[in-house]
Amino acid sequence: MTVRALRSELRKALHLNGVRLAALVAVVLAAVVSGHDLLANSSASASPGAAAASADGALQSAAVAEVLAALAGIVVATAETSSRTLAITLSLVPRRRAVFAAKWLVALLVCGGIAVAALVGAALGGIIETAALPSALPGRPTPSTIVARVPHVLPAVLAATLLVGLLWAAVASLARLRTPVLGGYVVYAFGLTNAVALSSPAVARWLPEGAAQGLTRPVLMVQIGWHTASGHPLTAAPAAVYLATLVVVTTAGALAAFAHRDVVQ
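Residues numbered from 1 in each chain as written. Predicted model: local features only at pLDDT ≥ 70, side-chain atom pairs only at ≥ 80, totals over all residues. Heavy atoms only, no water.

Asks: Would you explain helix α9 (residues 178–199) in this entry?
Replies: In an α-helix, one turn spans 3.6 residues; hence positions three or four apart end up facing the same way. With 22 residues, α9 should reach 32 Å at 1.5 Å per residue; the first-to-last C-alpha distance of 30 Å fits that figure. Considering bend angle alone, the principal kink of α9 is centred on tyrosine 188 and spans about 40°. Every buried residue of α9 is accounted for by Val181, Tyr185, Tyr188, Ala189, Thr193, Asn194, Val196 and Ala197. (Helix = DSSP H or I, 4+ residues; strand = E, 2+ residues; numbered from the N terminus. Expected span 1.5 Å × (residues − 1). Bend = angle between axes of the 7 residues up to and from the residue. Buried < 20%, exposed > 50% of the residue type's maximum accessible area, 1.4 Å probe, protein only.)

Below, the structure is given as structure tokens:
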């Protein structure tokens, strides 16, 4: 992979309206959910860790970035096939694996950026809520507590967002067509996952979005029913390994397809 290829792909991604919109929505949505979470769930406990736990719960609202990273990953992976400019790119950088590697790294940077943007939004939402509606509850976090807890929440949110986003970017790279993949993802993410979660929690935890709940709070399958005996989510380490395996396998398939694909203008 050349630096020129990476810079070119990054420039293209940053000019995509879908990527910009995903980052903006991540900030706003995480802020709203975080503020609501603090308003509804501030603890009355005076225990030393109560405020930190409340802050962590609010900051994990940044897990909405998983959905937006998946959408942005699909947009990035299908940008050139949708605009029919892939042949031009390959004429400038004939080494297909280098082009694919650059696109994959850009997808990683985009997904990571959306995760960070969502966490910033969650922190801002919590700070605004605690400042606008002060409370005497002993377990209610202060703005300084919220800021101090950001580094503790960031690794889990970042890992879940990157793994889910890169998985869907690889799926989109295999399918190539943006509109069907975006439509399919919306139906899958907001319909099928919840249907499986409600009917069979033990199966739902092996869906990528279900496995991600081993790292962060529920985002899509909020009625997963983990309280049932068969529905316990994966813990953090198995969830991360499982999702990483899905990403590696799917990305390898996407690379093989990209390396041998016929490209016409």
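Asks: Please explain a nonpolar patch on the surface as it appears in this structure.
Replies: A contiguous nonpolar surface patch, about 510 Å² in accessible area, is contributed by Leu21, Leu24, Val25, Val28, Leu29 and Val32. Within the element layout of this structure, valine 32 appears in helix α2 (residues 17–41). For valine 32, a relative accessible area of 53% corresponds to the exposed category. (Patch = residues over 30% accessible without salt bridge, like charges linked within 9 Å, V, L, I, M, F, W, Y side chains within 5 Å. Areas by Shrake-Rupley, 256 points an atom, 1.4 Å probe, with all protein chains shown as cover. Salt bridge = Lys/Arg side-chain N within 4 Å of Asp/Glu carboxyl O.)

Asks: How should the nonpolar core be read in this particular structure?
Replies: Burial of nonpolar side chains together is a common tendency in soluble globular proteins. Leu59, Val76, Val110, Ile114, Trp168 and Tyr185 are the most contacted members of the largest nonpolar core, which has 56 residues in total. For this core, the secondary-structure elements that each account for two or more residues are α2, α3 (50–59), α4 (65–77), α7 (96–132), α8 (143–175), α9 and α12 (236–259). Sorting elements by how many residues they give to this core places α8 first, with 11 residues. Leaving out residues up to four positions away in the same chain, tryptophan 168 has contacts with Ala70, Ile74, Tyr185, Tyr188 and Glu209. (Core = buried A, V, L, I, M, F, W, Y, C linked by side-chain atoms within 4.5 Å. Contact = heavy atoms within 4.5 Å.)

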